[in-house]
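Now for the letters of each chain:
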Amino acid sequence: DTEVTQTPKHLVMGMTNKKSLKCEQHMGHRAMYWYKQKAKKPPELMFVYSYEKLSINESVPSRFSPECPNSSLLNLHLHALQPEDSALYLCASSQDRDYGYTFGSGTRLTVV
Amino acid sequence: GENVEQHPSTLSVQEGDSAVIKCTYSDSASNYFPWYKQELGKRPQLIIDIRSNVGEKKDQRIAVTLNKTAKHFSLHITETQPEDSAVYFCAASKNDYKLSFGAGTTVTVRA
């Protein structure tokens with residue numbers, strides 16, 4: 001299996017909702033990432049988990065809460081989001097630092 | 001932090017011609033330089049990467065060159081085809097988990 005699987009593909013949520021994004025990989029990669037991408041822009045790093053521990057939080061607002069239940073799974077819990085949080089949320093994994101990423105297809109999130 | 005500049009922002013080429021995208025980076029400690037291709041509505045995909053101990057790398061119609069002294073690296077696509085139309089991102093990292101991306105180049109291959 002050489003893929004990163006993300007669910008759901010699309011999500012519309014109200015500003016008072018709580019939802020979760022899920023990401024799974026079975027390549028044995030030790031690093032997993034959450035990125036946010038706005039239209040026509042490069043991906044922006046949000047969080048990095050390495051060896052199942054949170055190693056980087058790019059000063060992301062607390063309404064985004066990551067979780068790494070095991071080496072294959074990564075979740076992003078969403079609560080009280082704002083319309084400006086609408087974007088494509090990409091999960092990625094890599095063998096370790098300084099290795100190419102495999103990106104998931106992303107979750108297109110719309111906050112209404 | 002690392003700053004990666006990418007040029008041009010858009011590039012239109014005739015099918016069969018070559019395309020070149022250039023990136024510069026600011027941190028001399030950067031040692032890993034991947035390139036990603038993102039087709040419209042799709043995920044970014046790694047197409048080629050190079051490490052600082054190598055000056056050039058080729059994979060069929062794609063090549064990347066690295067000039068550490070000048071702190072720039074370039075993507076070369078030869079014999080372009082319509083399926084090469086996409087946004088291309090360069091990136092750099094320095095032995096950590098942070099990739100700094102360039103702003104992207106939208107490549108259009110005219111048939």
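This text follows the structure it describes.
Quick question: what am I supposed to make of the state of the cysteines here?
Working definition: the covalent bond between the sulfur atoms of two cysteines is a disulfide. Residues and elements named next belong to chain A. Considering all chains together, one arrives at two disulfides over all chains under this definition. Disulfide pairing places Cys 23 opposite Cys 91 at an S-S distance of 1.9 Å. Disulfide Cys 23 to Cys 91: torsion about the S-S bond roughly -70 degrees, handedness left-handed. Of the two residues, Cys 23 is situated in strand β3 (residues 18-25) and Cys 91 in strand β9 (residues 87-94); the sequence distance between them amounts to 68 residues. In this pair, the class of Cys 23 matches that of Cys 91, namely buried. There is no disulfide at Cys 68, and the cysteine sulfur nearest it, in Cys 23, is 9.4 Å away.

Is there a simple way to think about the pattern of salt bridges in this case?
Oppositely charged side chains can form a pair if their charged atoms are brought close together. Residues and elements named next belong to chain B. Counted according to the given criterion, the structure contains six salt bridges over all chains. Asp 49 serves as the salt-bridge partner of Lys 57, at 2.9 Å between the closest nitrogen and oxygen. On the basis of relative accessible area, Asp 49 is assigned to the buried category, the value being 16%.

Whenever I open this one, the sheet that holds strand β1 (residues 4-7) of chain B confuses me. Can you help?
Pairing between the strands of a sheet is mediated by backbone hydrogen bonds and can be parallel or antiparallel. Residues and elements named next belong to chain B. The strand order across the open sheet built from five strands is β1-β3-β8-β7-β6, with neighbouring strands paired in antiparallel fashion. In this open sheet, the two strands that pair with only one neighbour each are β1 and β6 (56-59). Ignoring which end each strand starts from, the neighbouring axes of this sheet average 15 degrees apart.

Honestly, the pairing of strand β8 (residues 73-79) of chain A in this entry has me stumped. Any pointers?
Regular strands place side chains that alternate from one sheet face to the opposite one. All names here are of chain A. Judged from the seven bridges that link them, β3 and β8 form a sheet pairing that is antiparallel. In the strand pairing of β8, Cys 23 is matched with Leu 74. Where strand β7 (residues 64-70) lies against β8, five bridges are found, and the strand directions are antiparallel. Across the sheet, residue Phe 64 finds its bridge partner in β8, namely Leu 78. In this antiparallel pair of consecutive strands, β7 and β8, the connection spans two residues.

About the criteria used
- Residues numbered from 1 in each chain as written.
- Chains lettered and ligands numbered in written order.
- Predicted model: local features only at pLDDT ≥ 70, side-chain atom pairs only at ≥ 80, totals over all residues.
- Heavy atoms only, no water.
- Disulfide = S-S within 2.5 Å.
- Helix = DSSP H or I, 4+ residues; strand = E, 2+ residues; numbered from the N terminus.
- Buried < 20%, exposed > 50% of the residue type's maximum accessible area, 1.4 Å probe, protein only.
- Salt bridge = Lys/Arg side-chain N within 4 Å of Asp/Glu carboxyl O.
- Pairing = 2+ DSSP bridges.
- Axes fitted to C-alpha atoms, helices over the stretch in contact; angles between N-to-C directions.

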